[in-house]
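What follows is the residue order along each chain.
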Amino acid sequence: MFGSVKAIINLAMAEYGIDGRNPFASIYMPDEMPEERQPIPLDAIRRIQRECMTVDDENRWLLCSYQRHWHEAVGGCWTA
(Lines give C-alpha, C1' and ligand atoms only; values in the text may rest on other atoms or scores of the structure.)
Protein backbone atom coordinates (compact mmCIF):
# COMPACT_ATOMS: atom_id res chain seq x y z
CA MET A 1 0.00 0.00 0.00
CA PHE A 2 2.67 2.49 1.00
CA GLY A 3 4.64 1.74 -2.17
CA SER A 4 1.58 2.88 -4.13
CA VAL A 5 1.60 6.23 -2.32
CA LYS A 6 5.24 6.74 -3.30
CA ALA A 7 4.47 5.84 -6.91
CA ILE A 8 1.49 8.23 -7.10
CA ILE A 9 3.54 11.11 -5.67
CA ASN A 10 6.38 10.36 -8.12
CA LEU A 11 3.93 10.34 -11.03
CA ALA A 12 2.27 13.59 -9.94
CA MET A 13 5.62 15.31 -9.49
CA ALA A 14 6.72 14.18 -12.96
CA GLU A 15 3.46 15.17 -14.64
CA TYR A 16 3.32 18.61 -13.08
CA GLY A 17 7.05 19.26 -13.45
CA ILE A 18 7.65 19.60 -9.74
CA ASP A 19 11.36 19.63 -8.98
CA GLY A 20 12.60 18.13 -5.78
CA ARG A 21 12.58 14.92 -3.92
CA ASN A 22 9.58 12.80 -3.03
CA PRO A 23 9.01 13.35 0.71
CA PHE A 24 7.99 9.70 1.04
CA ALA A 25 11.12 8.35 -0.66
CA SER A 26 13.11 7.67 2.52
CA ILE A 27 10.23 6.23 4.57
CA TYR A 28 10.11 2.47 4.96
CA MET A 29 6.90 0.74 6.00
CA PRO A 30 7.15 -3.05 6.20
CA ASP A 31 4.23 -4.94 4.70
CA GLU A 32 4.16 -7.61 7.36
CA MET A 33 5.31 -8.19 10.90
CA PRO A 34 8.86 -9.53 11.16
CA GLU A 35 9.47 -12.94 12.67
CA GLU A 36 10.18 -13.01 16.37
CA ARG A 37 13.86 -13.69 16.96
CA GLN A 38 14.66 -16.91 18.76
CA PRO A 39 17.25 -16.89 21.56
CA ILE A 40 20.65 -18.43 20.95
CA PRO A 41 20.63 -21.97 22.38
CA LEU A 42 22.55 -22.29 25.63
CA ASP A 43 24.66 -25.18 24.32
CA ALA A 44 25.85 -22.98 21.43
CA ILE A 45 26.85 -20.23 23.88
CA ARG A 46 28.72 -22.72 26.07
CA ARG A 47 30.53 -24.14 23.00
CA ILE A 48 31.66 -20.65 21.95
CA GLN A 49 32.81 -19.90 25.51
CA ARG A 50 34.89 -23.11 25.61
CA GLU A 51 36.48 -22.29 22.26
CA CYS A 52 37.33 -18.77 23.43
CA MET A 53 39.07 -20.21 26.49
CA THR A 54 41.24 -22.44 24.30
CA VAL A 55 42.29 -19.56 22.02
CA ASP A 56 43.19 -17.41 25.07
CA ASP A 57 44.37 -14.19 23.39
CA GLU A 58 44.22 -10.50 24.33
CA ASN A 59 40.94 -9.76 22.53
CA ARG A 60 39.08 -12.44 24.45
CA TRP A 61 40.51 -11.29 27.78
CA LEU A 62 39.37 -7.74 27.00
CA LEU A 63 35.86 -8.97 26.18
CA CYS A 64 35.79 -11.12 29.30
CA SER A 65 36.83 -8.14 31.42
CA TYR A 66 34.08 -5.99 29.90
CA GLN A 67 31.45 -8.67 30.51
CA ARG A 68 32.62 -9.14 34.07
CA HIS A 69 32.26 -5.43 34.89
CA TRP A 70 28.86 -5.23 33.19
CA HIS A 71 27.66 -8.31 35.03
CA GLU A 72 28.78 -6.89 38.38
CA ALA A 73 27.11 -3.56 37.58
CA VAL A 74 23.72 -5.20 37.12
CA GLY A 75 24.04 -7.10 40.38
CA GLY A 76 25.16 -10.52 39.22
CA CYS A 77 27.93 -12.65 40.60
CA TRP A 78 30.84 -13.74 38.43
CA THR A 79 31.98 -17.30 38.29
CA ALA A 80 34.81 -17.92 35.86
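Residues numbered from 1 in each chain as written. Predicted model: local features only at pLDDT ≥ 70, side-chain atom pairs only at ≥ 80, totals over all residues. Heavy atoms only, no water.

Within the chain, the regular secondary structure consists of three helices and zero strands. Mapped from its N terminus to its C terminus, the chain presents α and β elements in the order α-α-α. Within the chain, buried positions represent 5% of all 80 residues. Accessible surface, the chain: about 7800 Å² in total, of which carbon and sulfur atoms supply 59%. (Helix = DSSP H or I, 4+ residues; strand = E, 2+ residues; numbered from the N terminus. Buried < 20%, exposed > 50% of the residue type's maximum accessible area, 1.4 Å probe, protein only. Areas by Shrake-Rupley, 256 points an atom, 1.4 Å probe, with all protein chains shown as cover.)

The grouping of I40, L42 and I45 at the surface amounts to a nonpolar patch, some 280 Å² of accessible area in total. By secondary structure assignment, the location of L42 is in helix α2 (residues 42-55). Exposure remark for L42: the relative accessible area of 53% places this residue in the exposed category. (Patch = residues over 30% accessible without salt bridge, like charges linked within 9 Å, V, L, I, M, F, W, Y side chains within 5 Å. Salt bridge = Lys/Arg side-chain N within 4 Å of Asp/Glu carboxyl O.)

Okay, α2 next. For α2, which comprises 14 residues, the first-to-last C-alpha distance of 20 Å matches the rise-based estimate of 20 Å (1.5 Å per residue) to within 8%. Note on α2: the residue one or two positions beyond its end, D56, has a positive phi of about 50°. (Expected span 1.5 Å × (residues − 1).)

With respect to the element layout, N22 can be found in the loop between α1 (2-15) and α2. Only 2.9 Å separates the side chain of N22 from the side chain of N10, close enough to count as a polar contact. Not counting residues up to four positions away in its chain, the partners in contact with N22 are K6, I9, N10 and M13. (Polar contact = N/O pair within 3.5 Å; in protein donor to acceptor, adjacent residues only side chain to side chain. Contact = heavy atoms within 4.5 Å.)

Turning our attention to the confidence of the model for the chain. In the predicted model, the chain carries a mean pLDDT of 76, and 74% of its residues have values of at least 70. Within the chain, α1 carries the highest mean pLDDT (85), whereas helix α3 (residues 58-73) carries the lowest (64). (pLDDT = per-residue confidence, 0-100.)

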